[in-house]
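Geometric and topological summary
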Amino acid sequence: MNTIEKNTYKVSWTPGLSSERKALQERMFHLVEAIADNMAKDKSLTSALKLNDGDLAKLIFEKQLERDAHVPERELRVIQRINDGTRKFINRLSELGGTLKAGEVAKLTGISRQAVHHQHKTGKLLAVRPGNDYLFPAFQFQGNKIVNGFEDVMALLGHDMSPVTKVSFFTAMYYFEDKQLNVIDAMKQPDADRYLEEIKRQAALFGRHIAK
């Protein structure tokens, strides 16, 4: 394995790598090294080491903007808030069972990808778009089907409501004092019919309130 020492670090290449790949790896090393130097100056290395790979990659992106893009400080703060909010939202969806891409929804439900996109477009399926792809929260499925009554509740919430707010309605609203169930968990109960009418009523109220 070929090795080049960089200060106290080493860049190693597996024999047989193409020159393009080797050049890209070296550029990436220099980029990350410069960002790490800046993070050492603002004493943020310790917190960076605690991040998972995905969050670390996003942090590196933010730091690169600070270094080379000359983005105004105000815009950088906006970008950081958006990224922080996106990370927290995706983490929350992971806690709720994760997300599925359109192809995975198609495979789960036995319909085509086109049908999945159509159901999303017509408001029958809930999807969020934190990046380039639509992601469908897994909580809206039970087995290989959409949760019974889900489409009706989605219609009552309305097309103008943001997907993030709809996620909150299904997962953070508790309308039943006798059982500490949020909306989607109540809809998955064996006796879900006893909860469904109240859920629909609350969805209609919630939808009208957001629309104002």
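Structure: see above.
Sequence order as written defines residue numbering, which begins from 1 separately in each chain. Local features are withheld for residues below a pLDDT of 70 in this predicted model, meaning they are given only at 70 or higher, and side-chain atom pairs are given and counted only at 80 or more; totals for whole chains, interfaces and linings count all residues. Side-chain measures here rest on the full set of heavy atoms in the structure, leaving out hydrogens and waters.

**Brief notes about the nonpolar core**
For our purposes a nonpolar core is just a set of buried Ala, Val, Leu, Ile, Met, Phe, Trp, Tyr and Cys residues, chained together by side-chain atoms within 4.5 Å. The classification of residues rests on relative accessible area computed with a 1.4 Å probe and restricted to protein chains. Under 20% of the type maximum is buried, over 50% is exposed, and intermediate values are partly exposed. Within the largest apolar cluster, 26 residues are counted, with the highest numbers of intra-cluster contacts made by Phe150, Phe169, Phe170, Met187 and Ile199. Think of it this way: any DSSP run of H or I at least four residues long counts as a helix, any run of E at least two long counts as a strand, and we number them from the N terminus. Broken down by secondary-structure element, the contributors of at least two residues to this core are helix 4 (73–95), helix 7 (150–157), helix 8 (163–172), helix 9 (183–187) and helix 10 (193–211). Per element, the largest residue contribution to this core is 5 residues, and it comes from helix 10. Residue contacts are defined here by distance: any two heavy atoms, one from each residue, within 4.5 Å place the two residues in contact. Among residues more than four places away in sequence, those in contact with Phe170 are Leu126, Phe139, Phe150, Val153, Met154, Leu157, Asn182, Val183, Ile184 and Met187.

**So, the environment of Val183**
Its place among the elements puts Val183 in helix 9. Sequence-wise, Val183 and Tyr195 are 12 residues apart; in three dimensions their C-alpha atoms are separated by 8.6 Å. Once residues lying within four places of it in the same chain are set aside, the contact partners of Val183 are Phe169, Phe170, Met173, Tyr175 and Ile199.

**What to know about the packing of aromatic side chains**
Between 30 and 60 degrees the pair is tilted, below 30 it is stacked and above 60 it is edge-to-face, where a pair is any two Phe, Tyr or Trp rings, Trp via its six-membered ring, whose centres lie within 6.5 Å. Taken as a whole and assessed by the stated rule, the structure comprises 6 aromatic pairs. Arranged with centres 6.3 Å apart and planes meeting at 40 degrees, the rings of Phe139 and Phe170 form a pair that is tilted. Remark: Phe170 occurs in helix 8 and Phe139 occurs in the loop between strand 4 (136–137) and strand 5 (141–142); sequence separation between them is 31 residues. On the basis of relative accessible area, Phe170 is assigned to the buried category, the value being 0%. Pairing Phe169 with Phe170 gives two aromatic rings, centres 5.6 Å apart and planes at 80 degrees, and the pair type is edge-to-face. Two limits define a charge over a ring: the Lys NZ or Arg CZ must be within 6 Å of the ring centre, and within 35 degrees of the ring normal. Cation over ring: Arg129 sits above Tyr134, and NZ or CZ is 4.7 Å from the ring centre.

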